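# Descriptive analysis of the structure
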Amino acid sequence: MSNPNTKTLSILDRLARGEVLISDGATGTYLQNHGLEPGGCPEEFNASHPEVVKGMARAYFEAGSDMVLANSFGGNRFMLSKYGYGDRVGELNRLAAEHARSQAPPDHYVFGSVGPSGEFLEPLGEVTEAEMLDVFMEQIAALKEGGVDGVVVETMTALEEASLAIKAAKQVGDLVVMATMTFDEGPRGFFTMMGVTPEQAVTELEKAGADIVGSNCGSGIEVMVEVGKRLREATDGYLLIHANAGIPAIKGGEIVYPESPDYMVDGFKKLAEMGVNIVSGCCGTNPEHIRALSKALRG
């Protein structure tokens, strides 16, 4: 496939025209099905298994994704240091972006995945805001060097950390920034692990500078439809939802996600109909889910 450096329209241009765009599916699930051992470092695969990583991006683009995420979710210095790769942040993130970009057809997009740092800010933890900002800037600068169109700050539970990641992306410069948090449903409604409601998330993430906000991970499609309603009621801005293929269970010693492509399609259609601008899958979803989603939205 070609390696375009220019696009007719930015992703924000297309959203402004009223298009509903399709993102990709799970990264970890795909890599685990293609040789990543339990407990292994997904980002190291960018160096040791480049064809697997390229094949993942290609599979999602061919299934109908308008954008894919680079294999960089845990690519910050704190997380990579746990595997002994703390000195390879630049290399592994740049490769993540380059591998996905190499498979992108014209007018398709690559976004860097920026997950939680794995650390807590002071006073809950020992990391200062300046240190965390520096860690996110290091990662995002390498992703930009590799050719991403923007970043998705995802699976966040704390507003302070998410806001610093957004700030880092804006300081690196000229990148579209999406930011999503993970909500669990309890007796009092939806909250992140750190007690953030969907309404608080929308307000604070947009205030921090995110161009697109939303939710990912943690729940299957039916719950994510409810989260989507809450988010849409709280903002007129652009929204993204990445739903899990249900809650995983262990069967025969393997992790199995119960929600099939056909099962999830109705929920994806509901999200699009309520005005969610970018829809797709998270953990447990695969190219077949994306193909079913693309067929349902585009025929």
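If you're wondering where the values come from, they're calculated on a predicted model, not measured in any experiment.

### Brief notes about the packing of helix H10 (residues 221–234) against helix H11 (residues 261–273)
Two elements in contact, H10 and H11, have axes whose closest approach is 9 Å; the angle formed by their N-to-C orientations is 5°. Here H10 lies roughly parallel to H11, going by the angle between them. Where H10 approaches H11, its residues Ile221, Glu222, Met224, Val225 and Gly228 are matched on the opposing element by Tyr263, Met264, Gly267, Phe268, Lys270 and Leu271. Here the residues of the contact of H10 with H11 sort into 7 nonpolar, 2 polar and 2 charged.

### Details of the environment of tyrosine 263
Relative to the elements of secondary structure, tyrosine 263 occurs in helix H11. On the basis of relative accessibility, which here comes to 41%, the residue tyrosine 263 falls in the partly exposed class. Aside from chain neighbours lying at most four places away, what touches tyrosine 263 is Ile221 and Glu222.

### Considerations on the environment of glutamate 145
Inspection of the secondary structure puts glutamate 145 in helix H7 (residues 129–146). For glutamate 145, a relative accessible area of 59% corresponds to the exposed category. When the C-alpha positions of glutamate 145 and glutamate 98 are compared, they lie 8.7 Å apart, and in sequence the two are 47 residues distant.

### Observations concerning the sheet that holds strand E9 (residues 238–243)
Taken in spatial order, the 8 strands line up as E1-E12-E9-E8-E5-E4-E3-E2 in an open sheet, and their pairing is parallel. Here the strands that pair on one side only, and so sit at the sheet edges, are strand E1 (21–22) and strand E2 (67–69). The pairing of E1 with strand E12 (residues 278–281) spans 2 bridges and is classified as parallel. Within E12, the position partnered with leucine 21 by the bridge is isoleucine 278.

### Points about the packing of aromatic side chains
The relation between two aromatic rings is expressed through the spacing of the ring centres and the mutual angle of the planes. Within the structure shown, the criterion is met by 1 aromatic pair. Judged by centre distance (6.4 Å) and plane angle (50°), the ring pair of tyrosine 30 and tyrosine 60 falls under tilted. Within this pair, whereas tyrosine 30 is found in helix H2 (residues 28–32), its partner tyrosine 60 is found in helix H4 (residues 50–63), the two being separated by 30 residues in sequence. By relative accessible area, which is 13% here, tyrosine 30 ends up buried.

### Some words on unusual backbone geometry
Following glutamate 122, the chain continues to proline 123 via a peptide bond in cis, the omega torsion being 5°. Checked against the element boundaries, proline 123 lands in the loop between strand E3 (109–114) and H7. Its identity is not glycine, yet aspartate 107 carries a phi of approximately 60°, on the positive side. Structurally, the position occupied by aspartate 107 is in the loop between helix H6 (89–102) and E3. Positive phi values are uncommon outside glycine, yet cysteine 217 reaches one of about 70°. Within the secondary structure, cysteine 217 is located in the loop between strand E8 (212–216) and H10.

### Brief notes about the pairing of E3
Most of E3 sits inside the fold, with 6 of its 6 residues counted as buried. Residues Tyr109, Phe111 and Ser113 of E3 are buried on one face, and the alternating residues Val110, Gly112 and Val114, pointing to the opposite face, are buried as well. Handedness of the crossover is the feature at issue here: the chain leaves E3, passes through H7, returns alongside strand E4 (residues 150–156), and the resulting connection is right-handed.

Thresholds applied
Residues numbered from 1 in each chain as written. Predicted model: local features only at pLDDT ≥ 70, side-chain atom pairs only at ≥ 80, totals over all residues. Heavy atoms only, no water. Axes fitted to C-alpha atoms, helices over the stretch in contact; angles between N-to-C directions. Helix = DSSP H or I, 4+ residues; strand = E, 2+ residues; numbered from the N terminus. Parallel < 35°, antiparallel > 145°, perpendicular 65-115°, else oblique. Contact = heavy atoms within 4.5 Å. Nonpolar A, V, L, I, M, F, W, Y, C, P; charged D, E, K, R; others polar. Buried < 20%, exposed > 50% of the residue type's maximum accessible area, 1.4 Å probe, protein only. Pairing = 2+ DSSP bridges. Phe/Tyr/Trp six-rings, centres within 6.5 Å; stacked < 30°, edge-to-face > 60°. Right-handed = clockwise from strand over helix to strand, strands pointing away.

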